[in-house]
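An overview of the molecular structure
Each chain, letter by letter, is given below.
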Amino acid sequence: MPRIEANGRTLEARRGETLLETLRRGGIRVPTLCHYEGLPPTGACRLCVVEVDGLPNLVPACSYPVVEGLKVHTHSARAVNARRTIVELLLSNHPDDCLYCARHGNCRLQDLSEELGVRARRLPGTRRHLPRDVSSPAIVRDPDKCVLCGRCVRACQEVQGVAAIDMTGRGSGARVDTAFGEGLNVSSCVNCGQCVMVCPTGALTERSHLDLVEGALRDPALTVVAQVAPAVSVSLAELFGEKPGRDVDGALYALLRRLGFSRVFDTAFAADLTIMEEASELVRRLRDGGPLPMFTSCSPGWVKFVETFYPERIAHLSTCKSPQQMLGAVIKAHFAARAGLEPERVFSVAIMPCTAKKFEAQREEMLEGKLADVDAVLTTRELADLVRRRGLRLGDLAPEPADMPFGRRSGAGKLFGASGGVMEAAIRTAHHLVTGGELADLKVEAVRGLEGVKEARVRLGDLELGVAVVSGLGNARRLLQEIDAGRRDLHFVEVMSCPGGCIGGGGQPIGADPAALGARLQALYRIDGAETVRTAHANPAVRQLYAEFLGEPLGPRSHELLHTHYDARTVLR
Amino acid sequence: MNGPVRSVAEILAAHPDRGREHLIPLLQEVQEAQGFVSREAVAELGAHLGLPSSRIYGVATFYNQFRFQPLGRYHVQVCRGTACHVKGSQGVFQAIKRYLQLEAGQTARDGLFSLEVVACLGACGLAPLICVNGEFHGGVDADSAVKILRRCRREAESA
Ligand code: SF4
Ligand code: SF4
Ligand code: SF4
Ligand code: FES
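Things to note about the state of the cysteines
In total, this model carries 0 disulfides over all chains according to the counting rule given. C502(A) supplies the cysteine sulfur nearest to C298(A), a cysteine that is in no disulfide, at a spacing of 7.2 Å. Classification of C298(A) as buried rests on a relative accessible area of 8%. C120(B) forms no disulfide, and the closest cysteine sulfur to it belongs to C124(B), at a distance of 3.8 Å. Look at C120(B) and you get partly exposed, because its relative accessible area is 42%.

Here you go:
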């Protein structure tokens, strides 16, 4: 065990770790900007520089390997001055837009200038006035606020395997851009929002639908309804300063009613509906010989990924719409009629942990001469902003139930919020479809947890299925490469675009505690475990919808409302 | 140059090796053959080398030598070498940019002009120097440079 001395204290280092890791474990904070937990260091920003006795130059802690006997000064005058100069340089051409910025109050650059005591614009510089890229339905890029840390590029290339963006140009002309500087909407971007999650500043934000929703809520001619995705209730409280993992399900419905939504529905109900359709589709593909493996289709970033990079695999995607779009469709087609409302006057808002859902709601084949299934999508973050705009708080509200007919869910539907959840829910119901009975143990341990790749063999009566669950599109790409190389043992593959699934979605709280993902996951498992109805096919509200309106899974009405199709995309990849 | 333009496929066929260190030389060959690096060329290079287009564009923009638009009918090169700089090429460049409404590396929408800044045209004795379609014009100032371009425009319009 190497030992080092940091600021006069002795710290035990672990072999092979970086100085930054040792310092952090020892409780010494060195600020970082480009550092990306879990990826190799790039040393791009130099903000983490520290002074090491015997070395003439400051060294970046994030990439400096610890060795026995290092004597380190993290906050010597020299180190602090160097950091302050770096931040002052970043600020020199930065717009002073904090008051109008989506990241005001949650911005690394603000934190750093505070921490380093920057109180004046000392270095002259001119704002670049680069145009904002507002072409994407999901993501807005404001290059003037970019500090070139490169984290978005790494999220897009190394985590997601998409590589829609990269560093371009050099020197004062350097910027993050797409190939040929084209709009994100015509690039290979899949709208996952993982770049937004790692951006330290307001250079990357979601396309806000807040004004749209507020306008609808104020319009007396509209009936505004909301649906809330499974991951939102276990994440929202963090944005109001609470510890991760608290489920605020009931308070959330109460809150949405206070905000003026006429009806509040649970997207987990539609997750159950999705499972009825998707498990039936799986069983049909197993009987009719494919195409297998079937891929889930509820993560719109993944769907676009297949259309863009693996168009020859489109037939493997389940034809099921996602729960958001299914619920949107039955809200306008069924709920409106039941409630005596004109579908044109129903404004349907989805509250999602996701930026790609904004894109999905506007996909062409979801519109095709019809009414949109979903009119606006708010991320978890935007919902918190809306709540604050209205002067409301989460804490004070007594729980209320969601509205019928789409207010009842099974534990399985709630599991959709995490990687492996769709698989677990589908296995429970597919088993029932094949055998007529129920699984002895509903918990499918092998597909649980935060690992990016999980695989299992599952018995459904006399069938044995190979299943894989991946989250993070980089992992999905690797699995597709295996399948291309001839892998044949898989029947069903769940893919969530975001690492960990929707709980780690691009619309979730930014800068959350690294342990938050696990806490949200456990919260979902607890909810499922405590539910009396834990399978989609046992959900009485789902049964009723089939009996009253839809008929049978995969039947003509389902086909019309709940299924969709996909198209190859010709973009620069 | 005579004969048909060498296609990217032909260039790639001559370079079966797919190592990423070939990116820059390949970009140079493509530009030499086609005058610029097109979207299609980047897509083909990307497929050949296993690199995303954004990466190729990122690398290519790091070097000043690559253009991403076809050359204009009149390709204007402005020398920014030391000698030219000392003799006021900055003012010449600004005037040309203003007249053409173009930035370096761009081609006008009507395809008439394209503008490029070069590190040195190698004729320092003539500084400050511009070059239009390979023809050197030495000792220019802002006004005379713009006059040359006006003449090109008139010539194109009367043709
Ligand atoms: S990115 Fe940060 S520093 Fe820049 S304007 Fe926004 S809040 Fe202010
Ligand atoms: S949204 Fe996802 S795919 Fe698009 S640029 Fe960001 S990380 Fe890449
Ligand atoms: S857009 Fe954000 S994440 Fe990307 S380089 Fe700029 S500051 Fe960093
Ligand atoms: S955090 Fe170490 S160089 Fe950026």
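Things to note about the nonpolar core
Residues and elements named next belong to chain A. One finds F269, L273 and F406 to be the most contacted residues of the largest nonpolar core, which totals 53 residues. With 10 residues, the single largest contributor to this core is helix α8 (residues 267-288). Apart from the residues lying within four places of it in its own chain, the contact partners of F406 are F265, D266, F269, L327, V330, I331, H334, F335 and L545.

Comments concerning the sheet that holds strand β16 (residues 463-471) of chain A
Residue and element names in this part refer to chain A. Taken in spatial order, the 4 strands line up as β12-β17-β16-β15 in an open sheet, and their pairing is mixed. Sheet topology places β12 (294-295) and β15 (453-460) at the edges, where each strand pairs with a single neighbour. Here 8 bridges tie β15 to β16, and the two strands are oriented antiparallel to one another. Bridging from a neighbouring strand, R459 pairs with E464 of β16. Across the sheet, helix α16 (residues 473-484) lies against β12, β15, β16 and β17 (492-496), angled at about 140° from β16, the strand it touches most.

Re the domain arrangement of chain B
When the domains of chain B are assigned, the result is domain 1 (8-62) and domain 2 (74-158). Once you take the C-alpha centre of each, domain 1 of chain B and domain 2 of chain B turn out to be 28 Å apart.

Describing the site of ligand 3
All names here are of chain A. All residues in the neighbourhood of ligand 3 are listed as C146, V147, L148, C149, G150, C152, V176, C199, P200, T201, A203 and L204. Spatially, ligand 3 is embedded in the second largest cavity. In terms of residue class, the shell around ligand 3 is built from 10 nonpolar, 2 polar and no charged.

Quick notes on the pattern of salt bridges
All names here are of chain A. Per the stated rule, a full pass over the model turns up 54 salt bridges over all chains. When the shortest N-O distance is used, the salt bridge between E51 and R78 registers 3.5 Å. Taken as a pair, E51 in strand β3 (residues 49-52) and R78 in helix α2 (residues 77-92) lie far apart in primary sequence, 27 residues in all. Here R78 falls in the partly exposed class, since its relative accessible area comes to 37%. As a salt-bridge pair, E464 and R459 come within 3.9 Å of each other at their nearest N and O atoms. Judged by its relative accessible area of 37%, E464 falls in the partly exposed class. One continuous salt-bridge network, built from bridges that share partners, spans D211, E214, R218, R389 and R390.

Details of the interface of chain B and chain A
Facing the 16 residues of chain B at the interface are 16 residues of chain A. Carbon and sulfur atoms supply 57% of the area that chain B and chain A bury against each other, a total of about 1300 Å² over both sides. The largest contributions to the chain B side of the interface with chain A come from R39(B), S54(B) and Y57(B), which together make up 45% of the buried area. Counting across the chain B and chain A interface gives 2 salt bridges.

Procedures and definitions
- Residues numbered from 1 in each chain as written.
- Chains lettered and ligands numbered in written order.
- Predicted model: local features only at pLDDT ≥ 70, side-chain atom pairs only at ≥ 80, totals over all residues.
- Heavy atoms only, no water.
- Disulfide = S-S within 2.5 Å.
- Buried < 20%, exposed > 50% of the residue type's maximum accessible area, 1.4 Å probe, protein only.
- Core = buried A, V, L, I, M, F, W, Y, C linked by side-chain atoms within 4.5 Å.
- Helix = DSSP H or I, 4+ residues; strand = E, 2+ residues; numbered from the N terminus.
- Contact = heavy atoms within 4.5 Å.
- Pairing = 2+ DSSP bridges.
- Axes fitted to C-alpha atoms, helices over the stretch in contact; angles between N-to-C directions.
- Domains from an automatic or database assignment.
- Near = heavy atom within 4 Å.
- 1 Å grid on protein atoms, 1.4 Å probe; cavity = no way out; pocket = protein on both sides within 12 Å on 5 of 7 lines; lining within 4 Å.
- Sits in = over half its atoms within 2 Å of the grid points.
- Nonpolar A, V, L, I, M, F, W, Y, C, P; charged D, E, K, R; others polar.
- Salt bridge = Lys/Arg side-chain N within 4 Å of Asp/Glu carboxyl O.
- Buried area = accessible area lost by both parts, 1.4 Å probe.

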